[in-house]
Amino acid sequence: MEVVDELRHYLCTEVIVESGSTLLASETNVNLISEGVIDSLAIMKLVSFMESHWGVTISDADITPENFATLDSLAALVNRRRLKGSGS
């Protein structure tokens, strides 16, 4: 499963309500924050999930509206952190 698909699955099953799930059904560029799909608590849950699931470290500096805006931007963040970790 690709990172974006795993993030979608996590959001749809663990974080958001049904109305948000329909927004994420096929789109990866829905703005999660402005559409009200995630809030600050959901962001903290996402950080915890990403760190434990992929073994990456998400710093406070990574927690920006740009990085958490869409499934695509979240997947890009995970992939950047994975590359950084493998290069150490």
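Above this note sits the structure.
In what follows, the accompanying structure is described. (Residues numbered from 1 in each chain as written. Predicted model: local features only at pLDDT ≥ 70, side-chain atom pairs only at ≥ 80, totals over all residues. Heavy atoms only, no water.)

Take the nonpolar core next. If you look at the biggest cluster of nonpolar residues, it comprises 26 residues, and the most contacted ones within it are L7, I38, L46 and M50. Those elements giving two or more residues to this core turn out to be α1 (3–15), α3 (40–54) and α4 (71–86). By residue number, the principal contributor to this core is α3, which donates seven residues. When neighbours within four sequence positions are excluded, L46 is seen to be in contact with L7, Y10, L11, I38, F68 and L74. (Core = buried A, V, L, I, M, F, W, Y, C linked by side-chain atoms within 4.5 Å. Buried < 20%, exposed > 50% of the residue type's maximum accessible area, 1.4 Å probe, protein only. Helix = DSSP H or I, 4+ residues; strand = E, 2+ residues; numbered from the N terminus. Contact = heavy atoms within 4.5 Å.)

Within the element layout of this structure, D62 appears in the loop between α3 and α4. Sequence-distant contacts of D62, that is, excluding residues within four places in its chain, are made with T57, N67, F68, L77 and R81.

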